[in-house]
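# Structure assessment
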Amino acid sequence: MKYGYFDDANREYVITRPDTPLPWINYLGVDVYCGLMSNTAGGYSFYRDAAQRRLLRYRYNNVPSDRPGRYIYLRDNKTEDYWSASWQPTNKDLKKYKYECRHGLSYTKIKAEYAGIESETSYFVPVGEANEIWRIKVKNKTNRPRKLSLFTYVEFCLWDAMNDMTDYQYNLNIGKTEFKNNAMYHMTLYNMHKSNFAYFWSDKKVASYDGVRQDFVGPYRSEGNPIAVEKGKCSNKLAVGWAPFGGLQINVSLKPKEEKEVTFVLGYCDSMGEEEKIFAKYSKKGAVDAAMQELAKYWENNLNKYQAKTPDKNINSMVNIWNQYQCMTTFNWSRSASYYEAGGERGMGFRDSNQDTLGFAHQIPSKVRSRLVDIASVQFPEGRAHHGYSPLTKKGSREGYGDDHLWLVQAVHNYIRESGDMNFLNEHVPFNDGTKAKMYEHLQKAIQYSWDNVGWNGLPKAGFADWNDCLNLSGPKGMGVSVMIACQFVLGANLLSELAEKSGRVLDVDKYKEMAVEMKKRINEKCWDCEWYMRAFDDNGNAVGTSKSKEGKIWLESNTWAILSGVAEGDRAITTLNSIKKNLYTKYGIVLFQPAFTEYHPELGYVSVFPAGLKENAAIFCHTNPWAMCAEAMMGRGEQAFEYWETIAPAANNDISQIHWTEPYVYSQMIAGRDHKDFGQAKNSWLTGTAAWNFVAASQYILGIRPDFDGLVIDPCVPKKWKGFSVKRVWRGVTYNITVKNPDGVNKGVAELKVDGKIIAGNKAPAFKDNKEHSVEVLMGK
Ligand code: GLC
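In this report, the structure presented in the accompanying data block is examined.

### Quick notes on the overall build of the protein
Across its full length, the protein holds 20 helices and 44 strands. For 782 residues, the compact-globule estimate of 2.2 N^0.38 gives 28 Å, and the protein sits close to it at 27 Å. Along the three orthogonal principal directions, the C-alpha set of the protein runs to about 80 × 60 × 50 Å. Buried positions account for 63% of the 782 residues belonging to the protein.

Okay, here's the thing in structure tokens:
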């Protein structure tokens, strides 16, 4: 069953009924300010850090779900009936209430019609500002004059999200609001910081206000039937303790067919008086529309870097719009704040953020550069790393994972290929103790750390976990090792050797190549199990993931990474890919391993705690599926690469939303595997490394356009039935208009490459420096 459709011309997903299986959300804000926004206006906002600068409160795990939010109530002052511009929280009968929600790029529009009144509310964050706009247009569709009142619901969070949810003996006594300048000011703790306040303002005269939640909602009531709205008047009281609130009443009279608009601005500010500039700006007619146009331009400019026209409409929707959009969202917020992560503590992840840059570097390389500096700054001088850090303080947290530091090598290599900024390797970046070293040395330390810290069979130690957070192999001996990390090491050492070569560090070139060769040998000699690679060795040296294992016989991570890293070659690589398909592929995607664990295995840890088929216990963990796509494409198997892509592509699953549940425009972290009764049901949408890796798989491996140090590689691997496709790729300021023709119906292979009309050898278009447009014609063939 469908709940909506893609409107690609407008770059919107249109939700046609409000009662989606789960809230289908969007992210407002492109930089420092973030708003999570559901299709019925649920959600919350924060400034920079979801943990410490939370602006709006949200009740996770609440019944009814998805409360509260950015609500605007409309009240007919004659009939005294009232409803909401976003269906929730009054939930009027859908036979009488018309609804449509358009999630666009960093904005959401919700249309409603009830009792002859049409409303359209647009929510967005202007580029470069720390505030969100709610603009409502209200139209009288009847032939009689109407007297309405609008009421707003703004439940301020007491800044510290965890404390706000727990410590009531303290926090019921700190809340404070003030009303001035036609705005409700949220002043909690302002007396201490003399900064950090929020405001909620309207461009139309406020008729009455509520600064305390209890006064607005009333005792034993809810967001669904607030007393103020029922009575048609707020109490004009302010908070001194209790729950600070922004309830504003605006009266609107409409002649027959007349339309009026009201603008509200919710914002964060750290300098008293600055907010008045915002009020002045949005008091001017046309200011909101101008800010919306600027946002559209911002996105046009970002997406413009990679636009494809292919025979497949789903790949067009995902690659050109939604996948790139999700990549920026994961880049901005890592895993910190979604509808599945309450944003109380996680901050930016080391391994996660490194991977997120792989899907975003082409959009705004300079942002990736500074992110990589932040990330490298929480590395220990000995090369290992903190697992995450706070976006506000930049301080690292948690440690002991075997893989974190290795992702930095790949991310820096990727950034330099994108930007050409080889000097980045010489940038002095601190370690977490404040001592500084060149970025290149950070990478050397990372490789050296895994080289020196080996356990069974000379493979790198897994520590608490590798990429798979729940495969916990470290025991009293501290000897558990991961085949996936070993493969990552091989790739990382080869990438570092390449960086050494390109940056003139001649002595290092062979050093790192030899390390890679040696580790590859260890893997191929000790970790091959006849038809696939093993996954790990536990603390006692027992192999994990072999044909002899009772459960968890074959795993996806080590088998895909063996190919991505070049450890598996030729027939062995093909055998590995065939084993993945035969044992792990299902109609909803590739599961993490088979069979699922049905018993707890202390030597493997948390992976065996989840019910079979959920999360790391053999779900379709979407992040890993693109690794198989890339591996298939590397081996030239275009049908399989594309089939894997299509199987988990959200757009391709729009018609089965009643099974899939999560948003059809973004990837989810996991889909229940075949061992679970809800096979096919997804969870944890939006903030997942799936976004970056699927973009890499589709754009660089299937469509095959990927930057190298000295040119743009064109290496498509597509289904045979594709007669061709085109890509506009803006790379280092130069526009490459690439047309690919496939007259012989091959999967892979470039027979001829013409750049600006001239045939050139190989499959790499040169790195021009002229900021101009160039045509690239590619003829696929043997
Ligand atoms: C989550 C984590 C990520 C980890 C993955 C697999 O998505 O954010 O770091 O690699 O789970 O356990």
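The rest of the description comes next.
### Some points on the sheet that holds strand β9 (residues 98-104)
The sheet built from 10 strands is open, its strands ordered β1-β2-β9-β10-β11-β12-β20-β17-β16-β15 with antiparallel pairing. Each having just a single partner strand, β1 (4-7) and β15 (177-180) make up the two edges of the open sheet. Across the sheet, the axes of successive neighbouring strands diverge by a mean angle of 15°, strand direction being ignored. The strands touched by helix α7 (residues 287-303) are β10 (107-114), β11 (117-124), β12 (131-140) and β20 (259-269); relative to β11, the strand with the most contacts, the crossing angle is about 50°.

### Describing the site of the ligand
Around the ligand, the neighbouring residues are R335, R346, R351, D352, W467, N468, D469, E616, F621 and Q669. Between the ligand and D352, the relevant distance is 2.7 Å, taken from an oxygen atom to a side-chain nitrogen or oxygen of the residue. Between the ligand and E616, the relevant distance is 2.5 Å, taken from an oxygen atom to a side-chain nitrogen or oxygen of the residue. Burial of the ligand by the surrounding chains reaches 96%, relative to a free accessible area of 310 Å². For the shell around the ligand, the class distribution of residues is 2 nonpolar, 2 polar and 6 charged.

### Side note on the pattern of salt bridges
The final tally for this structure, using the stated rule, is 50 salt bridges. Among the ionic pairs, D655 bridges to K2, the shortest N-O distance being 3.6 Å. You can see D655 sitting in the loop between α18 (638-648) and α19 (657-660) and its partner K2 sitting in the segment before β1, a full 653 residues away along the chain. On the basis of relative accessible area, D655 is assigned to the partly exposed category, the value being 48%. Given the relative accessible area of 49%, K2 is considered partly exposed. A salt bridge links D374 to K394; its shortest N-O distance comes to 3.3 Å. With D374 in helix α10 (residues 365-376) and K394 in the loop between β23 (386-389) and β24 (396-399), the pair connects residues that are 20 residues apart, well separated along the chain.

### Re the side chain of Q324
Within the secondary structure, Q324 sits in helix α8 (residues 313-333). Within the structure, Q324 has its side chain in polar contact with the backbone oxygen of V319 (distance 3.1 Å). When residues no more than four places from it in sequence are discounted, the contact partners of Q324 are N302, L303, Y306, Q307, M318, V319, H362, Q363 and F695.

### Focus: the pairing of strand β3 (residues 25-28)
Within a regular strand, the side chains alternate between the two sheet faces. Neither face of β3 is left uncovered, since the one carrying I25 and Y27 and the one carrying N26 and L28 both have all their residues buried. By the bridge criterion, 4 bridges tie β3 to strand β4 (residues 33-38) in an arrangement that is antiparallel. Looking across to β4, one finds that N26 is bridged to M37. Here β3 hands over to β4 after 4 residues, with G29 in that stretch at a positive phi of 100°.

### Section: the packing of helix α12 (residues 439-452) against helix α13 (residues 483-502)
For any two helices packed against each other, the geometry comes down to the angle between their axes and how far apart the axes lie. Relative orientation of the contacting elements α12 and α13 amounts to 145°, with a least axis distance of 10 Å. Seen from above, α12 lies across α13 with left-handed handedness. Contacts between α12 and α13 involve Y440, L443, Q444, I447, S450 and W451 on the former and, on the latter, F489, G492, A493, L496, L499 and A500. Of the residues that constitute the contact of α12 with α13, the class distribution is 9 nonpolar, 3 polar and no charged.

### Brief notes about helix α17 (residues 625-634)
In terms of residue burial, α17 counts as a mostly covered element, since 9 of its 10 residues are buried. For α17, every residue scored as buried is listed here: N625, P626, W627, A628, M629, C630, A631, E632 and A633. Positive phi appears at G636, one or two residues downstream of α17, with a value of about 85°.

### Here we look at unusual backbone geometry
Between R67 and P68 the backbone carries a cis peptide bond, its omega angle lying at -15°. Relative to the helices and strands, P68 resides in the loop between β6 (54-56) and β7 (71-76). The peptide bond linking Q88 to P89 adopts the cis configuration, its omega dihedral lying at 0°. Examined against the element boundaries, P89 turns out to sit in the loop between β8 (82-84) and β9. A positive phi angle, close to 60°, is found at N61, a residue other than glycine. Its location among the elements puts N61 in the loop between β6 and β7. The backbone phi angle of S334 is positive, close to 50°, even though this residue is not glycine. With respect to the helices, strands and loops of the structure, S334 is situated in the loop between α8 and β22 (348-349).

### Overview of helix α11 (residues 404-419)
Over its 16 residues, α11 extends 23 Å from the first C-alpha to the last, a length consistent with the 22 Å expected when each residue adds 1.5 Å. Counting buried positions along α11 yields 15 of 16 residues, so the element is predominantly enclosed. G420 lies just past α11 and shows a positive phi near 75°.

### Concerning the state of the cysteines
Overall, the coordinates contain 0 disulfides when judged by the stated rule. Between C157, a cysteine without a disulfide, and C34, which holds the nearest cysteine sulfur, the sulfur-to-sulfur distance is 14 Å. Using a relative accessible area of 2% as the deciding quantity, one classes C157 as buried. C487 provides the cysteine sulfur closest to C527, a residue in no disulfide bond, and the two sulfurs are 7.8 Å apart. For C527, a relative accessible area of 0% puts it in the buried group.

### Thoughts on the sheet that holds strand β28 (residues 536-537)
The sheet built from 3 strands is open, its strands ordered β27-β28-β29 with antiparallel pairing. With partners counted over all chains shown, the strands left at the sheet margins are β27 (481-482) and β29 (543-544), one partner each. Bridging between β27 and β28 involves 2 bridges; their strand directions are antiparallel. Counterpart to S482 in the pairing with β28 is A536.

### Describing a nonpolar patch on the surface
Nonpolar side chains collect at one region of the surface, where M162, M165, Y168, L172 and W242 lie side by side and expose about 480 Å² of accessible area between them. Topologically, M162 is positioned in helix α1 (residues 161-166). On the basis of relative accessible area, M162 is assigned to the partly exposed category, the value being 41%.

### Some thoughts on the side chain of S497
Note that S497 resides in helix α13. The class of S497 is buried, set by a relative accessible area of 2%.

The rules behind these values
Residue positions are given per chain, counted from 1 along the sequence in the order it is written. Only residues with pLDDT of 70 or above have their local features reported here, since the model is predicted, and side-chain atom pairs are shown and tallied only from 80 upward, although totals for entire chains, interfaces and linings are computed over all residues. The side-chain values count all of the structure's non-hydrogen atoms but skip hydrogen atoms and water molecules. Helix numbers and strand numbers start at the N terminus; a helix is a DSSP run of H or I with at least 4 residues, a strand a run of E with at least 2. What the globule rule says is 2.2 Å times the number of residues to the power 0.38, and the radius of gyration is computed from C-alpha atoms. Burial classes: relative accessible area under 20% of the type maximum marks a residue as buried, over 50% as exposed, and values in between as partly exposed (1.4 Å probe, protein chains only). For two strands to be treated as a pair, DSSP must find at least two bridges joining them. Lines fitted to C-alpha atoms define the axes here, with helix axes fitted over just the stretch in contact, and angles between the N-to-C directions of these axes take values from 0 to 180 degrees. In what follows, residue pairs with any heavy atoms lying within 4.5 Å of each other are defined as contacts. Proximity is defined per residue: if any heavy atom of the residue lies within 4 Å of a molecule or strand, that residue is considered near it. Here a polar contact means two N or O atoms within 3.5 Å. Within protein one must be a hydrogen donor candidate and the other an acceptor candidate, and residues neighboring in sequence count only if both atoms are side-chain atoms. Each accessible area is a Shrake-Rupley estimate made with a 1.4 Å probe; only the visible protein chains count as cover when residues are assessed. Amino acid classes used here: Ala, Val, Leu, Ile, Met, Phe, Trp, Tyr, Cys and Pro are nonpolar; Asp, Glu, Lys and Arg are charged; the rest, including Gly, are polar. Salt-bridge detection follows one rule: a side-chain nitrogen of Lys or Arg within 4 Å of a carboxyl oxygen of Asp or Glu. When the near helix sits turned anticlockwise from the far one by under a right angle, the crossing is termed left-handed; a clockwise turn instead gives a right-handed crossing. Given a helix with a known number of residues, its expected span is that number minus one, times 1.5 Å. Throughout, a disulfide means two cysteine sulfur atoms within 2.5 Å of one another. A patch consists of residues whose relative accessible area exceeds 30% and which take part in no salt bridge; residues with like charges are grouped when within 9 Å of each other, and nonpolar side chains (Val, Leu, Ile, Met, Phe, Trp, Tyr) when within 5 Å.

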